[in-house]
Amino acid sequence: MRYLPAFLWSLPWIIPPLITYFRLRHSRSLDGENDVAPADPPLVSVIVPARNEAHNIARCVTSILSTTYPNLELVVVDDASTDGTAEVARRATAGDPRARIVRNHPLPEGWFGKQWACATGAKVARGTVLQFTDADTVHQPDLVTRSINAMHRTEADLFSVAGRQELGGFWEKVIQPQIFTVLSMRYGGTESVNQSTRVSNKIANGQCIFVKRASYDAIGGHGSVRSSVAEDLLLAQRFFAARKRVVLMLGINQLSTRMYASLGEIINGWRKNVFAGGLDAVPFGRMGQTIFPLVLLVPPLLELLPVLALVLTAFGMAAGSTSLLWAAISCLATVVWWVLVYIRVGESPLYFLVYPLGALMLLYIFVTAVIRGRRVTWKGRTYISQ
């Protein structure tokens, strides 16, 4: 019985990962959708907003044009790039008649750059289905076909695909799984999102969103989310609030993204999203938004507290068999979680050794995001997220 208090204290480190695991298990995948295009395939307009993406755009464009889907057009919107993005994209299309490069108009006041580029692309697109995708994505040939079949089967007005996150360097492997674990604990798997009846539980992945053109126009398109840093999340909420069907599905084998390639990009990229964008996903209205800064800090602090207790004990600065046992059990539970996570994402499970470093970086990102508030700086532009 003397071990019971330590075990009970450890439950906050044991129960949330277990709940997250079981929620994720019920996710649905594009692998189960038909990879043969329908008999009368609708025209799909793939819209790629691109600002200073010369290092990514060729890979993205080439992959999109390799599709097996028979009725597709590609619209790349060059959003005032200074690195030759448009020319790189033009070369990558190799004269393909399905593709065109569009120069965006000057950014209006009150708009975020990505939303403005998406809106520009939507205006010139001819498709009855629009696909918005980021320039750092890679599309497998069956992505559009399976997605269109899934949209038809589920009668979705907005259909979003969550793909595989490419983890190239050390910092990506240390920090990115931390971020996506927090998101998984918040939202669960695809069916947790799809079956929820709460607007605040709806989310989409801005790396790949398909929408029916008529439904998109009816809710005001990207103009309805023009001043939010988390435009994908808010777009899903706008659709759902308008009584339109929103569906999220995994596409690990159909879509991949390397979001950030350096420590600086990771910090700046997530710092602009996690607080200003997270406010749109907080339940319980104004009360939830008030306590959100504190809630945001809980995940990294929970990871670090048992480690800190063990370190203090090792240096003789803390004592007590119960607290030591609590720290040991909690650390063990966290280690098991991270071993499973790294195996799941195809990386060495030995990365569990640096999870405290990942938690420290996560804490730094979250704290600085809270300090910045709704002020967002990205790619040379500064915005105030509304």
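It should be noted that the structure appears before, not after, this text.
## Side note on unusual backbone geometry
Turning to step 1, where the next piece is worked out: Look at E155: it is not a glycine, yet its phi comes out positive at around 60°.
Turning to step 2, where the next piece is worked out: Relative to the assigned elements, E155 resides in the loop between α6 (143-154) and β6 (158-162).
Turning to step 3, where the next piece is worked out: The phi torsion at R243 lies on the positive side, around 65°, for a residue other than glycine.
Turning to step 4, where the next piece is worked out: Mapped onto the fold, R243 is located in the loop between α10 (231-241) and β9 (246-250).

## Quick notes on the environment of R372
Turning to step 1, where the next piece is worked out: The residue R372 is located in helix α14 (residues 355-372) in this model.
Turning to step 2, where the next piece is worked out: Between the C-alpha atom of R372 and that of F275, which follows or precedes it by 97 residues, the distance is 8.7 Å.
Turning to step 3, where the next piece is worked out: If we skip the residues at most four places from it in the chain, R372 touches R271 and T377.

## Some details on the pattern of salt bridges
Turning to step 1, where the next piece is worked out: With the rule as written, the count across this model stands at 17 salt bridges.
Turning to step 2, where the next piece is worked out: The salt bridge involving K114 is made with E231; its shortest N-O contact spans 3.0 Å. Linking K114 in helix α5 (residues 113-124) with E231 in helix α10, this pair joins segments that are 117 residues apart in sequence.
Turning to step 3, where the next piece is worked out: Judged by its relative accessible area of 26%, K114 falls in the partly exposed class.

## Remarks on the packing of helix α12 (residues 285-314) against α14
Turning to step 1, where the next piece is worked out: It is the contact of α12 with α14, at a shortest axis distance of 9 Å, that shows an interaxial angle of 155°. Judged on the interaxial angle alone, α14 and α12 are roughly antiparallel. Taken as a pair, α12 and α14 cross one another with a handedness that is left-handed. Together, P293, L296, L297, P300, L301, E303, L304 and V307 of α12 and Y355, P356, A359, L360, L362, L363, F366, V367 and V370 of α14 make up the contact between the two elements.
Turning to step 2, where the next piece is worked out: Its residues assigned to classes, the contact of α12 with α14 shows 16 nonpolar, no polar and 1 charged.

## Structural notes on the sheet that holds strand β8 (residues 208-212)
Turning to step 1, where the next piece is worked out: With mixed pairing, the 7 strands of this open sheet are ordered in space as β3-β2-β1-β4-β8-β6-β9. Since the sheet does not close on itself, it has two edges, and those belong to β3 (99-103) and β9, each with one partner. Neighbour-to-neighbour, the strand axes of the sheet open up by a mean angle of 20°, direction not taken into account.
Turning to step 2, where the next piece is worked out: Here 5 bridges tie strand β4 (residues 129-133) to β8, and the two strands are oriented antiparallel to one another.

## Some remarks on the pairing of β8
Turning to step 1, where the next piece is worked out: The element β8 is extensively covered by neighbouring structure, given that 4 of its 5 residues are classed as buried.
Turning to step 2, where the next piece is worked out: Taken together, the 3 bridges between β6 and β8 define a ladder with antiparallel strand orientation. Each residue of the ladder has a partner; that of L158, found in β8, is V211.

## Considering the nonpolar core
Turning to step 1, where the next piece is worked out: In this structure, V48, I57, L74, F159 and F210 are the most contacted members of the largest nonpolar core, which totals 32 residues.
Turning to step 2, where the next piece is worked out: Mapped onto this core, the elements with two or more residues apiece are β1 (44-50), α3 (57-65), β2 (72-78), α4 (85-93), α6, β6, β8 and β9.
Turning to step 3, where the next piece is worked out: Excluding anything up to four places from it in sequence, I57 contacts V48, A50, V76, T85, V88, A89 and A135.
Turning to step 4, where the next piece is worked out: Formed by 23 residues, the second largest nonpolar core is a distinct cluster that contains I175, I179, L304 and L362.

## Digging into the side chain of S228
Turning to step 1, where the next piece is worked out: Mapped onto the fold, S228 is located in the loop between α9 (213-218) and α10.
Turning to step 2, where the next piece is worked out: S228 has contacts with F112, Q115, L234, D280, S385 and Q386, leaving out every residue within four places of it along the chain.

## Comments concerning the packing of aromatic side chains
Turning to step 1, where the next piece is worked out: Taken as a whole and assessed by the stated rule, the structure comprises 14 aromatic pairs.
Turning to step 2, where the next piece is worked out: Relative to F210, the ring of F159 has its centre 6.4 Å away and its plane inclined at 55°; by these criteria the two rings are tilted. Residue F159 is found in strand β6, and its partner F210 is found in strand β8; the two are separated by 51 residues along the sequence.
Turning to step 3, where the next piece is worked out: In this structure F159 comes out as buried when scored by relative accessible area, which is 0%.
Turning to step 4, where the next piece is worked out: For the ring pair W338 and Y342, a centre distance of 6.0 Å and an interplane angle of 40° mean the geometry is tilted.

The rules behind the values
- Residues numbered from 1 in each chain as written.
- Predicted model: local features only at pLDDT ≥ 70, side-chain atom pairs only at ≥ 80, totals over all residues.
- Heavy atoms only, no water.
- Helix = DSSP H or I, 4+ residues; strand = E, 2+ residues; numbered from the N terminus.
- Contact = heavy atoms within 4.5 Å.
- Salt bridge = Lys/Arg side-chain N within 4 Å of Asp/Glu carboxyl O.
- Buried < 20%, exposed > 50% of the residue type's maximum accessible area, 1.4 Å probe, protein only.
- Axes fitted to C-alpha atoms, helices over the stretch in contact; angles between N-to-C directions.
- Parallel < 35°, antiparallel > 145°, perpendicular 65-115°, else oblique.
- Left-handed = near helix turned anticlockwise from the far one by under 90°.
- Nonpolar A, V, L, I, M, F, W, Y, C, P; charged D, E, K, R; others polar.
- Pairing = 2+ DSSP bridges.
- Core = buried A, V, L, I, M, F, W, Y, C linked by side-chain atoms within 4.5 Å.
- Phe/Tyr/Trp six-rings, centres within 6.5 Å; stacked < 30°, edge-to-face > 60°.

Honestly, that's just the spatial picture; any functional story needs more than this.
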